Amino acid sequence: MKKILSIILIMFASNVYVKASEKWGEGELQLTRGVVNYFIKYLRGNTESRPLDFYVTTDGTNAIYWFCPTGGACQEGSYRADIKKCNKVTGKTCKKFAVRRTIKWQNGINPAKGKASTINSRWSDEEIFAKLTELGFYNNNFSKKDEKKEQSNEISNQIEKLNDLYKSGVLTKEEFEKAKKKILN
């Protein structure tokens, strides 16, 4: 009986973990200027409310947020329901970006916890833009990285073809080296 209960408990715990991992965004994310301005509005809240949950589309072009009334005990909403609402409102796939003023999206740069990921609502717009840039969410050109990767792959393919021609006897060693040098330059 204890074994069965242990197995059920382990299955339940692992299922909860997998489901929780669905809520936070992961990977490269380039926020548009409009979304950053919307995030700033969320961060600052107003006199009757403070930031609670911020969701963003995975392409960084749209977002939705929820506030918590001040003075009231407030907890995060159901991320599944919030994601569904964000998906419906934006017509795109959404993931949770931040809780309160801490950015939780994991992109390999953002630690997703502590002071390094937290934005102060008293910062100027420029400071917030700079912090989002530092964390890898704004003003980053991922397409340049992809472009360099493609160029590197193209060079590798060309050298591989040259090597095949050399091995098959079509090119001499001197011709192979000369062509390889030309490709690398």
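Check the entry above for the structure.
Residues numbered from 1 in each chain as written. Predicted model: local features only at pLDDT ≥ 70, side-chain atom pairs only at ≥ 80, totals over all residues. Heavy atoms only, no water.

**Thoughts on the state of the cysteines**
For the structure on display, the rule yields one disulfide. Two residues share a disulfide in this structure: C86 and C94, whose sulfurs sit 2.2 Å from each other. Taking the torsion about the sulfur-sulfur bond, which here is approximately -70 degrees, the covalent link between C86 and C94 counts as left-handed. Judged by its relative accessible area of 1%, C94 falls in the buried class. (Disulfide = S-S within 2.5 Å. Buried < 20%, exposed > 50% of the residue type's maximum accessible area, 1.4 Å probe, protein only.)

**Examining the sheet that holds strand β3 (residues 94–99)**
If you trace the four strands from one edge of the open sheet to the other, you get β2-β1-β3-β4, paired in antiparallel fashion. Edge positions in the open sheet fall to β2 (63–69) and β4 (102–103), since each of these has one partner strand only. In the sheet, β3 pairs with β4 via two bridges, with the strands oriented antiparallel. Across the sheet, the residue bridging to A98 is I103, located in β4. (Pairing = 2+ DSSP bridges. Helix = DSSP H or I, 4+ residues; strand = E, 2+ residues; numbered from the N terminus.)

**Quick look at the nonpolar core**
Within the largest apolar cluster, 23 residues are counted, with the highest numbers of intra-cluster contacts made by F39, F54, V56, F97, I103, L132 and F137. Only α2 (33–44), β1 (49–57), β2, β3 and α4 (125–134) provide two or more residues apiece to this core. The greatest single-element share of this core, amounting to six residues, is contributed by α2. The contacts of F137, once residues within four sequence positions are left out, are L29, Q30, L31, F97, I103, W105, N107, N110 and L132. One finds Y55, I64, C86 and C94 within the second-largest nonpolar core, a separate group that totals six residues. (Core = buried A, V, L, I, M, F, W, Y, C linked by side-chain atoms within 4.5 Å. Contact = heavy atoms within 4.5 Å.)

**Some remarks on unusual backbone geometry**
For R100, which is not glycine, the phi torsion reads 55 degrees and is therefore positive. Summarising the element assignment, R100 is placed in the loop between β3 and β4. Of note, A112 is a non-glycine position whose phi angle comes to about 65 degrees, a positive value. Considering the arrangement of structural elements, one finds A112 in the loop between β4 and α4. The buried category is assigned to A112, whose relative accessible area is 7%.

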